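# Examining the three-dimensional arrangement
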Amino acid sequence: MSFPIKAAAVAGALLLTACGGNADDRAADNIESMTDNRADALDAQADATTNEQAADALEDRADNVRDMGEKKAEEADDNDDARVEGQVANAM
């Protein structure tokens, strides 16, 4: 009976090691938050303008920022590279 308990403990430890908590995971979360905040600000500017063309351009830019944020967050996580966060911050 102690073998199944030990096996379960080892399996649990491996799962905890494999998921979250790493610098690249935090960087991915930060990238998504940073780009979402920027996109929200662009959307707010679009809502505040009376020029329809300017509003459309701002909304398109907000969409592009969100898309870039998702791609860069995946890049940081997939490549285990937290440095991507700094690259995104410098690009914005």
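The structure reproduced in this document is the subject of the present report. Within every chain, residues take consecutive numbers counted from 1 along the sequence as written. Totals for whole chains, interfaces and linings use every residue, but because this is a predicted model, local features are given only for residues with pLDDT of at least 70 and side-chain atom pairs only at 80 or more, for both listing and counting. Side-chain descriptors were evaluated using all non-hydrogen atoms of the structure, hydrogens and water having been removed beforehand.

## Focus on the pattern of salt bridges
Salt bridges are identified by distance alone: a Lys or Arg side-chain nitrogen within 4 Å of an Asp or Glu carboxyl oxygen. The tally for this structure, following the rule as stated, stands at four salt bridges. For the salt bridge of E75 with K72, the shortest nitrogen-to-oxygen distance reads 3.4 Å. With E75 and K72 both in helix α3 (residues 52-78) and three residues apart, the pair spans about one turn of that helix. For each residue, the accessible area found with a 1.4 Å probe, counting protein chains only, is set against the maximum for its type, and the residue is called buried under 20%, exposed over 50%, and partly exposed in between. The exposure class assigned to E75 is partly exposed, which follows from its relative accessible area of 29%. Counting from the N terminus, the helices are the DSSP runs of H or I reaching at least four residues and the strands are the DSSP runs of E reaching at least two.

## With respect to the environment of N22
In this structure, N22 sits in the loop between α1 (2-18) and α2 (23-48). Judged by relative accessible area, which is 37%, N22 ranks as partly exposed. Between the C-alpha atoms of N22 and D80, which are 58 residues apart in sequence, the distance is 8.5 Å.

## A short note on the environment of T35
Looking at the element boundaries, T35 is found in helix α2. When its relative accessible area of 1% is taken as the criterion, T35 is described as buried. In this structure, the C-alpha to C-alpha distance between T35 and M68, residues 33 residues apart in sequence, is 7.9 Å. Of the polar contacts made by the side chain of T35, one reaches the backbone oxygen of I31; its length is 2.9 Å. N or O atoms within 3.5 Å of each other form a polar contact, as long as, within protein, one can give a hydrogen and the other can take it, and as long as residues adjacent in sequence are counted only when both atoms are side-chain atoms.

## Observations regarding α3
Along an α-helix, residues three or four apart share an orientation, since each turn contains 3.6 residues. Here α3 spans 39 Å end to end across 27 residues, near enough to the 39 Å set by a 1.5 Å rise per residue. By the burial criterion, the buried members of α3 are A55, L58, A62, V65, G69, A73 and A76. The contact criterion used throughout is that any non-hydrogen atoms of two residues lie within 4.5 Å. Contacts from the buried residues of α3 go to α2 and α4 (84-91). Here α3 starts with a cap whose side-chain oxygen sits 2.9 Å from the backbone nitrogen of Q53, and that cap is N51. Positive backbone phi, at 50°, marks D80, one or two positions downstream of α3. Each helix should span, by expectation, one fewer than its residue count multiplied by 1.5 Å.

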